[in-house]
Amino acid sequence: MILKSRRARKWTIAVASALVVAVAGAYTLLQVAKSPSFQFFGTIVDRVDTAEKVVALTFDDGPDPAGTRTILDTLKTHQVPATFFLIGHEMAAHPDLAHAIAAAGHEIGNHSFSHDRMIGVTPAWVADEVEATDALIRAAGYPGEIFFRPPNGKKLFALPHYLAEHHRTTITWDVAPDSDGIPDTATVERTVLDQVRPGSIVVLHAMYASREQTREAIDPILDQLKQRGYRFVTVSQLLAARH
């Protein structure tokens, strides 16, 4: 009986230890998946280390008729370049808007075709998502380097490996005022102004109908950052400023 009890205790301890290791491993992978500054393969950039007061303004999702042209008009008024990370199926639905972004001289990045989270996916699925969207970006008339931004910022193995194999850079952000929920205009504006520093990458979700608050914050954000001496650049221009 004593021997059986000891074996049972050892078995319990072994199972408990395995569970602890599994939970710790899962937690670690979760942190890696959502980290804006680390991935297992390739290059990931959430900001650039520079003393120069430059900032890259980026827009995620779309293009969508509700807000794309308003954003383009605001950027034109302020003579500010931006980088738009567009979704493939949205470009397929609104090719005129994708073309308008490229024609205005802005940079276009790849935000996947479906906007599904790219975790636990196959290499073939990743390739389809990236390459189908690349083709639509080229069809829109954008000739420059195409950076990639993971949907919801999530990535783990297959996506970073594919991007590394194809010498592609993953672009995330260090300022994200409207990524969690739909804050009011004042909150979006205040968050950006409080968190921006030289070399920042700001992400805004402003193209859909539900994001009017973010669209209304763009104008004062541009005004006030310019007053503070910041200069707006595209992501590629920001990467060129790295020390």
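Everything discussed here concerns the structure shown above.
In this report, the structure presented in the accompanying data block is examined. (Residues numbered from 1 in each chain as written. Predicted model: local features only at pLDDT ≥ 70, side-chain atom pairs only at ≥ 80, totals over all residues. Heavy atoms only, no water.)

This part takes up the pairing of strand S2 (residues 54-60). The buried fraction of S2 amounts to seven of the seven residues, a majority that puts the element mostly inside the structure. Burial along S2 is two-sided: the residues Val-54, Ala-56, Thr-58 and Asp-60 and Val-55, Leu-57 and Phe-59 are all buried. For S2 and strand S6 (residues 200-204), the ladder comprises five bridges, and the chain directions are parallel. Residue pairing in the sheet places Ala-56 in a bridge with Ile-201 of S6. Bridge analysis of S2 against strand S3 (residues 83-86) gives three bridges, and the strand direction is parallel. From the neighbouring strand, Thr-58 faces S3, where its bridge partner is Thr-83. Between S2 and its parallel partner S3, the chain crosses via helix H2 (residues 68-78), and the hand of that crossover is right-handed. (Buried < 20%, exposed > 50% of the residue type's maximum accessible area, 1.4 Å probe, protein only. Helix = DSSP H or I, 4+ residues; strand = E, 2+ residues; numbered from the N terminus. Pairing = 2+ DSSP bridges. Right-handed = clockwise from strand over helix to strand, strands pointing away.)

Take the packing of helix H7 (residues 185-195) against helix H8 (residues 212-227) next. As a packed pair, H7 and H8 sit with axes 8 Å apart at the nearest point and diverge in direction by 35°. In terms of crossing hand, the pair formed by H7 and H8 is right-handed. Along its contact with H7, which presents Thr-185, Val-188, Glu-189, Val-192 and Leu-193, the element H8 presents Gln-213, Thr-214, Glu-216, Ala-217, Pro-220, Ile-221, Gln-224 and Leu-225. When the residues that make up the contact of H7 with H8 are grouped by side-chain class, the tally is seven nonpolar, four polar and two charged. (Axes fitted to C-alpha atoms, helices over the stretch in contact; angles between N-to-C directions. Left-handed = near helix turned anticlockwise from the far one by under 90°. Contact = heavy atoms within 4.5 Å. Nonpolar A, V, L, I, M, F, W, Y, C, P; charged D, E, K, R; others polar.)

A few words on unusual backbone geometry. Of note, the amide linkage connecting Gly-62 to Pro-63 takes the cis form, showing an omega dihedral of 15°. For Pro-63, the position within the fold is in the loop between S2 and H2. For His-167, which is not glycine, the phi dihedral falls at a positive 55°. Tracing the chain through its elements places His-167 in the loop between helix H6 (158-165) and strand S5 (169-171).

Our next topic: the pairing of strand S4 (residues 107-110). With burial as the criterion, each face of S4 is covered, one bearing Glu-107 and Gly-109 and the other bearing Ile-108 and Asn-110. Sheet analysis places S3 next to S4, joined by four bridges and oriented parallel. In the sheet register, Phe-85 faces S4, and the bridge partner there is Gly-109.

Estimates place the volume of the largest pocket at around 240 Å³. For the largest pocket, the full set of lining residues is Asp-60, Asp-61, His-111, His-115, Asn-152, Gly-153, Trp-173, Asp-178, Ser-179, Asp-180, His-205 and Arg-211. For the lining of the largest pocket, the class distribution of residues is one nonpolar, six polar and five charged. (1 Å grid on protein atoms, 1.4 Å probe; cavity = no way out; pocket = protein on both sides within 12 Å on 5 of 7 lines; lining within 4 Å. Points joined across faces, edges and corners; volume = space filled by probe spheres on them.)

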